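Residue strings, one per chain:
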Number of protein chains: 2
Amino acid sequence: MATPPPDGSVRAAGIREVARRAGVSIATVSRVFNARSTVQPGTRDRVLEEARAVGYSPSPLGRNLVRGRSDLLGVILPNTGFPLYGAVLRGIEDTIQTSGMSVLLASSRDDAEVEIRAVQHLLRHAVDGCIVVNSRAGSGLPSERVYVHIAPEDPAAPHRVELDNVRGGELAAAELLAGGARCPAYVGAPGRESAERERGFVTRMAAAGRQVYHVPGDYSEDSGLRAGMALPAEVDAVFVAGDLMAAGVLRALHQQGRRVPTDVTVVGFDDSLIAPLLYPRLSSVRQPAHDLGVAAGRLALSVIAGTAGPDVVITPELVRRESSIRVPSPRPP
Amino acid sequence: MATPPPDGSVRAAGIREVARRAGVSIATVSRVFNARSTVQPGTRDRVLEEARAVGYSPSPLGRNLVRGRSDLLGVILPNTGFPLYGAVLRGIEDTIQTSGMSVLLASSRDDAEVEIRAVQHLLRHAVDGCIVVNSRAGSGLPSERVYVHIAPEDPAAPHRVELDNVRGGELAAAELLAGGARCPAYVGAPGRESAERERGFVTRMAAAGRQVYHVPGDYSEDSGLRAGMALPAEVDAVFVAGDLMAAGVLRALHQQGRRVPTDVTVVGFDDSLIAPLLYPRLSSVRQPAHDLGVAAGRLALSVIAGTAGPDVVITPELVRRESSIRVPSPRPP
DNA sequence: TTGTATGCGTTATCAC
DNA sequence: GTGATAACGCATACAA
């Protein structure tokens, strides 16, 4: 048959090769693969047949160049290694890969400057859109493309997916009150999320006539340990803004000989995978990271398609474990 | 609304615009940005000046098309959400982003078929190379591009980065023996890694005249719980192939009223972030996931550059905590 | 319905 | 050292 070009065997077959074999123009081949306009069924089948024969499918590279967009979705995480973000990432990936898209990854390191640079980098790669987790730059991002924000600091950022943190705080308050809390404390952290959790917690506690001690932290276990040590002696119930920090609080209480949940009840936040492993098992307000990722992926897909769906607010639930169940026991004098 | 056509005002300046303003040809502009051949300092400065003025830098899209490769590195993880893999991912990212590359993500779900499809997908995007974690397909991957394997099942896979699992088993054995182990058990899992850990463990134990009970598991906490329950009464030391599974073992021992480390000493594997949170704090053979990622990133970079470095074997260390130190427990369960 | 021709933004190969 | 110009693989306006 036709003499193949010297390097023909190695090089992946292109649109030209398929067109030649099917006896049509490359435009027709392109049309077949871009189900936009109509192609005569016979021609179409012939093209598909030959394409399959040579293992052809349109190269993303050429396609990207001419369309000015890729089938890539940029995802910007504060820290790629943090388990919670890993779960979000997986939710995103699970969702978008069914529509043939892929994730291009970047990190922001909780720094607005770095975040913006990362976004610019992704934009240069013509990502169809970006999902930004815990954005610091918020609406200050280059505006040429689609964004979906998961729990951004900026309350004005568009296309949001987030947890109802206020509600989370209320749930924690209700749980601790049910456990007989008389003197509650909140171990918080910087940022909007913690502030909202605290608001819900304090409001609900105030409604029950309780005032809340505020103890600062930074989500780290160590800061939880310090916070736990600094807890006033009269505190008998603690709501902690994050599970890892709660691990520190539990340890501090332990070291002080204060029994959980007998003397002090504790509720964490996130319901991360460490919660059921702690001693005692930690009750926690569940932050469904995977669901957040799924919702963000869906929203991104719809915004990219032009059918902008509404923002998503996920309602948290409380996962009750040992740390908040005040077992009846002889009270020490 | 449908995707808006790129409006002229926002459109990024291209190589032509820069060439025009600098009064040179586009070839010269290209040369300036590809520090390959030489350009007269004066011309060079003028080009750089104008490029900065219009905010130009070469578009990855055009560049990818003509070079047949991107500045993307494919990373294939069994499961994006698993913390250990998250740490690996971060190590990779930290390393390659300093050379301007980005991570294109994919999942294999521990399935050779899925893994191969993922690789093909990445290949079509012209990734410069792939890092595959815990590959099931091994050397059966399409061979047209660079691969770096982190802990592949296939012992024949090229460009490997992995932990010395045998050594890890030896370390665990030594630790348990130092704690007075007389009757040790190993809680394992399917796969090459666990088998190697067991080999090191058994060998070292045999040298000390100890025989090892084998109990099967699958890395899950639940399987650890079951394994812990199935442990023969005479066992006084347990080495568990993974920390999460070790959490299950600890809980089972707890429930049986067997005190750790007083009655039974325990050593886990991975030294994941849950190890220091368990009760008692778990001694564990450290698997430096971040370091593995860094090493893989470096190796990938070098292989892509053509200077294939040697394979990397990382030597594990034992992190000693409470669970392996046989002393009277301060606080009974 | 189909083919022709142009352009996407860049690099690389030639000449000069 | 520098400038034309031909690819790269594809989508699409326009013509037929």
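Residue numbering note: each chain is counted from 1, following its sequence as written. Chain letters start at A and ligand numbers start at 1, both assigned in the order the entries are written. Totals for whole chains, interfaces and linings use every residue, but because this is a predicted model, local features are given only for residues with pLDDT of at least 70 and side-chain atom pairs only at 80 or more, for both listing and counting. Think of the side-chain values as coming from all heavy atoms in the structure, minus any hydrogens and water.

Under an unreviewed UniProt entry, chain A has the name LacI family DNA-binding transcriptional regulator and belongs to Deinococcus rufus.

Draft legend 1. Highlighting unusual backbone geometry. The omega torsion across A:Tyr279 and A:Pro280 is -5 degrees, close enough to zero to call that bond cis. Secondary structure elements are taken from DSSP: a helix is a run of H or I of four residues or more, a strand is a run of E of two residues or more, and numbering for both begins at the N terminus. Inspection of the secondary structure puts A:Pro280 in the loop between β9 (265-270) and β10 (283-286). Of note, the amide linkage connecting B:Val260 to B:Pro261 takes the cis form, showing an omega dihedral of 5 degrees. Turning to its location among the elements, B:Pro261 is positioned in the loop between α10 (243-255) and β9 (265-270). Its identity is not glycine, yet B:Asp110 carries a phi of approximately 55 degrees, on the positive side. Mapped onto the elements, B:Asp110 comes out in the loop between β2 (102-107) and α6 (112-124). Exposure remark for B:Asp110: the relative accessible area of 38% places this residue in the partly exposed category. Located in the positive-phi region is B:Asp271, a residue other than glycine, with phi close to 50 degrees. By the secondary structure assignment, B:Asp271 is in the loop between β9 and β10 (283-286). Burial classes follow relative accessibility: with a 1.4 Å probe on protein chains only, a residue under 20% of its type's maximum area counts as buried, one over 50% as exposed, and anything between as partly exposed. Classification of B:Asp271 by relative accessible area gives buried; the value is 13%.

Draft legend 2. Region of the structure containing the protein's contact with DNA strand C. Taken together, 27 residues lie near DNA strand C, and A:Thr28, A:Thr38, A:Gln40, A:Thr43 and B:Ile15 sit nearest. Considering DNA strand C, the proportion of its atoms within 4 Å of the protein that are sugar or phosphate atoms stands at 63%. The contact in question runs from a phosphate oxygen of DNA strand C to an N or O atom on the side chain of B:Ser30, over 2.7 Å. In protein, a polar contact means a hydrogen-donor-capable atom and an acceptor-capable atom, both N or O and within 3.5 Å, with residues adjacent in sequence counting only if both atoms are side-chain atoms; elsewhere, any N or O pair within 3.5 Å suffices. Separating a phosphate oxygen of DNA strand C from a side-chain N or O atom of B:Asn34 is a distance of 3.0 Å. A class-by-class count of the residues in the surface near DNA strand C yields 11 nonpolar, 12 polar and four charged. One heavy atom within 4 Å of a molecule or strand is enough for the residue carrying it to be called near that molecule or strand. Put simply, Ala, Val, Leu, Ile, Met, Phe, Trp, Tyr, Cys and Pro go in the nonpolar bin, Asp, Glu, Lys and Arg in the charged bin, and everything else, Gly too, in the polar bin.

Draft legend 3. Representation of the domain arrangement of chain A in the model. Residue and element names in this part refer to chain A. Domain boundaries shown here were taken from an automatic or database domain assignment. Along its sequence, chain A is organised into domain 1 (15-58), domain 2 (70-163 + 289-316) and domain 3 (165-287 + 318-324). Look at where the C-alpha atoms of domain 2 and domain 3 centre, and you get two points 29 Å apart. By definition, residues are in contact when any of their heavy atoms lie within 4.5 Å. The interface of domain 2 with domain 3 comprises 13 residues on the first partner and 13 residues on the second. Taken together, both faces of the contact between domain 2 and domain 3 bury some 1100 Å²; the carbon and sulfur share is 54%. Only one rule defines a salt bridge in this text: a Lys or Arg side-chain nitrogen within 4 Å of an Asp or Glu carboxyl oxygen. In this assembly, domain 2 and domain 3 are joined by one salt bridge. When the shortest N-O distance is used, the salt bridge between Arg 192 and Glu 162 registers 2.9 Å. In this structure, the connection of domain 2 to domain 3 is made through five residue pairs in polar contact (both at pLDDT 80 or more). Buried area is a sum: the accessible area each of two parts loses on coming together, probed at 1.4 Å, counted once for each and added.

Draft legend 4. Structural view of the protein's contact with DNA strand D. Residues in contact with DNA strand D amount to 28 residues; listed here are only the nearest, A:Ile15, B:Thr28, B:Arg31, B:Thr38 and B:Thr43. The separation between a phosphate oxygen of DNA strand D and a polar side-chain atom of A:Tyr56 is 3.0 Å. Mapped by element, the contributors of at least two residues to the surface near DNA strand D are α1 (15-22), α2 (26-33) and α4 (60-67) of chain A together with α2 (26-33) and α4 (60-67) of chain B. The residue makeup of the surface near DNA strand D, split by class, is 12 nonpolar, 12 polar and four charged.

Draft legend 5. Highlighting the sheet that holds strand β5 (residues 160-163) of chain B. An order of β11(A)-β5(A)-β4(A)-β3(A)-β1(A)-β2(A)-β2(B)-β1(B)-β3(B)-β4(B)-β5(B)-β11(B) is seen for the 12 strands of this open sheet, with the pairing classed as mixed. The open sheet terminates on both sides in strands that have one partner only, identified here as β11 (312-314) of chain A together with β11 (312-314) of chain B. Strand-to-strand twist across the sheet, computed as the mean angle between neighbouring axes with direction ignored, equals 20 degrees. For two strands to pair, DSSP has to find at least two bridges joining them. Examined bridge by bridge, strand β4 (residues 146-150) of chain A and strand β5 (residues 160-163) of chain A share two bridges and lie parallel to one another. Of the residues in β5(A), the one forming a bridge with A:Ile150 is A:Val161. Note on geometry: axes are C-alpha line fits, over the in-contact stretch for helices, and angles between N-to-C directions span 0 to 180 degrees.

Draft legend 6. Local environment of the side chain of B:Ser107. Position of B:Ser107 among the secondary structure elements: in strand β2. Separated by 2.7 Å, the side chains of B:Ser107 and A:Glu93 make a polar contact. In terms of polar contacts, B:Ser107 uses its side chain to reach the side chain of B:Thr80, at 3.0 Å. Here B:Ser107 is in contact with A:Glu93, B:Ile76, B:Leu77, B:Thr80, B:Val114 and B:Ala118, once residues within four sequence places are set aside.

Draft legend 7. Main features of the sheet that holds β10(A). All names here are of chain A. Ordered in space as β7-β6-β8-β9-β10-β12, the six strands form an open sheet in which the pairing is mixed. The open sheet has two edge strands with one neighbour each: β7 (213-215) and β12 (317-319). Looking at each pair of strands side by side, their axes are set apart by 20 degrees on average, direction ignored. Sheet topology places β9 next to β10; four bridges connect them, and they run parallel. Along β10, the bridge assignment pairs Gly 268 with Ser 284. In the packing of helix α8 (residues 192-207) onto the sheet, the strands contacted are β6 (184-187), β7, β8 (237-240) and β9, and the crossing angle to β6 comes to about 175 degrees.

Draft legend 8. Here's a closer look at the pattern of salt bridges. Enumeration according to the criterion identifies 38 salt bridges over all chains in this entry. Two residues, A:Glu170 and A:Arg167, come together in a salt bridge whose shortest N-O distance is 3.5 Å. Residue A:Glu170 and its partner A:Arg167 are located together in helix α7 (residues 165-178), separated by three residues, close to a single helical turn. Given a relative accessible area of 25%, A:Glu170 falls into the partly exposed group. Between B:Arg281 and B:Glu322 there is a salt bridge; the shortest N-O distance is 3.6 Å. Of the two residues, B:Arg281 sits in the loop between β9 and β10 while B:Glu322 sits in the segment after β12 (317-319), which places them 41 residues apart along the sequence. A residue is classified by how much of its surface remains accessible, and B:Arg281, at 26% relative accessible area, is partly exposed. Assessed through its relative accessible area of 35%, B:Glu322 is described here as partly exposed. The network of salt bridges with shared partners includes A:Arg160, A:Glu162, A:Arg192 and A:Glu196.

Draft legend 9. Structural context of the pairing of strand β8 (residues 237-240) of chain B. All names here are of chain B. Side chains Ala 237 and Phe 239 project from β8 onto one buried face, and the interleaved Val 238 and Val 240 project onto a second face that is buried too. Strand direction decides the pairing type here: strand β6 (residues 184-187) and β8, joined by four bridges, are parallel. By the bridge assignment, Ala 185 is partnered in β8 with Val 238. Inspection of the sheet shows β8 paired to β9 by three bridges, in the parallel sense. Paired with Val 238 across the bridge in β9 is Val 266.

Draft legend 10. Representation of the packing of aromatic side chains within the structure. All names here are of chain B. Centre distance within 6.5 Å is the pairing criterion for rings of Phe, Tyr and Trp, where only the six-membered ring of Trp is used; planes under 30 degrees apart are then read as stacked, over 60 as edge-to-face, and the remainder as tilted. Inspection of the entire model under this criterion finds 13 aromatic pairs over all chains. With 5.4 Å between their ring centres and 80 degrees between their planes, Phe 33 and Tyr 56 make a pair best called edge-to-face. On the criterion of sequence distance, the pair formed by Phe 33 in helix α2 and Tyr 56 in the loop between α3 (41-54) and α4 is long-range, its members being 23 residues apart. Consider the rings of Phe 201 and Phe 239, whose centres lie 5.0 Å apart with planes at 45 degrees: the pair is tilted. You can see Phe 201 sitting in helix α8 (residues 192-207) and its partner Phe 239 sitting in strand β8, a full 38 residues away along the chain.

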